[in-house]
Amino acid sequence: MIGPVYVVTDPAAPMPVAEQAMAAARGGAWAVQIRDKSAPDDEIARLADMLLGALAPMGVRVFVNDRAEVARRTGADLHIGQRDIDPLRARALIAPDALLGLSIETVAQCAAIPEGVDYIGAGPVRATATKPDAAPPTGPEGLARIVAASPVPTIAIGGLTLHDIAALKQAGASGLAVVSAVVRATNPEEATRALVDAWRQA
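Predicted model, so just to flag it, every value in this text is computed and none were measured. Along each chain, the written sequence defines residue order, and numbers are assigned to residues from 1. Only residues with pLDDT of at least 70 get local features here, since the model is predicted, and only at 80 or more are side-chain atom pairs given and counted; chain-wide, interface and lining totals rely on the full set of residues. Water and hydrogen atoms play no part in the side-chain values, which are based on all heavy atoms of the structure.

> So what's going on with the nonpolar core? Residues and values would help.
Only buried residues count toward a nonpolar core, which is a set of Ala, Val, Leu, Ile, Met, Phe, Trp, Tyr and Cys residues joined through side-chain atoms within 4.5 Å. The buried label goes to any residue with under 20% of its type's maximum accessible area, the exposed label to any with over 50%, and the partly exposed label to all in between, with areas taken from a 1.4 Å probe on protein chains only. If you look at the biggest cluster of nonpolar residues, it comprises 66 residues, and the most contacted ones within it are Tyr6, Val7, Val64, Leu78, Leu143, Leu168 and Leu176. Segments assigned H or I by DSSP are reported as helices when at least four residues long, segments assigned E as strands when at least two residues long, and all are numbered from the N terminus. Residue contributions to this core peak at six residues, all from helix H2 (residues 41-55). Any two residues whose heavy atoms approach within 4.5 Å are treated as being in contact. In contact with leucine 176, not counting residues within four places along its chain, are Pro4, Val5, Tyr6, Ile155, Ala156, Leu160, Ile165, Leu168, Leu195 and Trp199.

> Run through the packing of helix H1 (residues 17-26) against helix H9 (residues 188-201), naming residues and quoting values.
Across the interface, H1 lies against H9 with an axial gap of 7 Å and an inter-helix angle of 40°. Considering the angle they form, H1 stands oblique to H9. The chirality of how H1 crosses H9 is right-handed. For the pair formed by H1 and H9, the contact residues are Ala23, Ala24 and Arg26 on the first element and Pro188, Glu189, Thr192 and Arg193 on the second. Angles here are taken between N-to-C directions and fall from 0 to 180 degrees, while the axes themselves are lines fitted to C-alpha atoms, restricted in helices to the stretch in contact. Should an angle lie under 35 degrees it is considered roughly parallel, over 145 roughly antiparallel, and from 65 to 115 roughly perpendicular; all remaining angles are considered oblique. Crossings are assigned a handedness: left-handed for a near helix turned anticlockwise from the far helix by less than a right angle, right-handed for a clockwise turn.

> Which residues make up unusual backbone geometry, and what values do they have?
Glycine aside, residues mostly have negative phi angles, and peptide bonds mostly take the trans form. Following glycine 123, the chain continues into proline 124 via a peptide bond in cis, with omega recorded as 10°. With phi around 75°, aspartate 66 is a residue other than glycine that occupies positive phi space. Mapped onto the elements of the fold, aspartate 66 is located in the loop between strand E3 (61-65) and helix H3 (68-74).

> With reference to specific residues and values, describe the sheet that holds strand E4 (residues 77-80).
We treat two strands as partners when DSSP finds at least two bridges between them. With parallel pairing, the eight strands of this closed barrel are ordered in space as E1-E2-E3-E4-E5-E6-E7-E8. Averaged over neighbouring strand pairs, the angle between their axes works out to 25° when direction is ignored. In this structure, strand E2 (residues 31-34) lies alongside E3, joined through four bridges in parallel fashion. Opposite valine 32, over in E3, you have valine 62 as the bridge partner.

> Report on the pairing of strand E7 (residues 154-157), specifying residues and quantitative values.
Two elements, strand E6 (residues 119-122) and E7, share three bridges in a ladder whose sense is parallel. Along E7, the bridge assignment pairs alanine 122 with alanine 156. Across three bridges, E7 lies against strand E8 (residues 175-178) in parallel orientation. Bridged to alanine 156 within E8 is leucine 176. With helix H7 (residues 165-171) bridging E7 and its parallel neighbour E8, the resulting β-α-β unit is right-handed. Crossovers are marked right-handed if the path from the first strand over the helix to the second runs clockwise, as seen with the strands pointing away from the viewer.

Pasting the structure below:
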């Protein structure tokens, strides 16, 4: 269910969001997430519908960030943060076969992960410019403690690059989520493929 590389889009990156997602999928990402804090729900829903149609035949999951209502309308997967909708309510809203991810910043938060959450996004492992309100970095050691405390698979996130993969695997992460390492790369498809290959070889 969980693959090594999960790509989060960035509306401020040079490439349009739909192209970011398509490039990541061609490069071997198992999932892409539409993250845009300012676009209206209707715009996110149209984008999700389009990407679901394009990526489902490739076996690539499409997540929306925070927008439970959009996930409900489109059938997309959903990722939520600690200060978003309650996970149990989110699970009840989205499709039964949709995946639900939850951001986790501390070991203590692992004790409150409810039934119905399919994976956690743990971090930030390193400082990241793409999320100015992020919690303090956990580092690989903090990530390992979260992995050990989590009842579900852990996807590491936060300022990660190729050079972090060995440490992430050693910490027990099931994969990594990236933003800038792919969507701001010169060739996002090749950047995704390099991450997938590095994970498999580590």
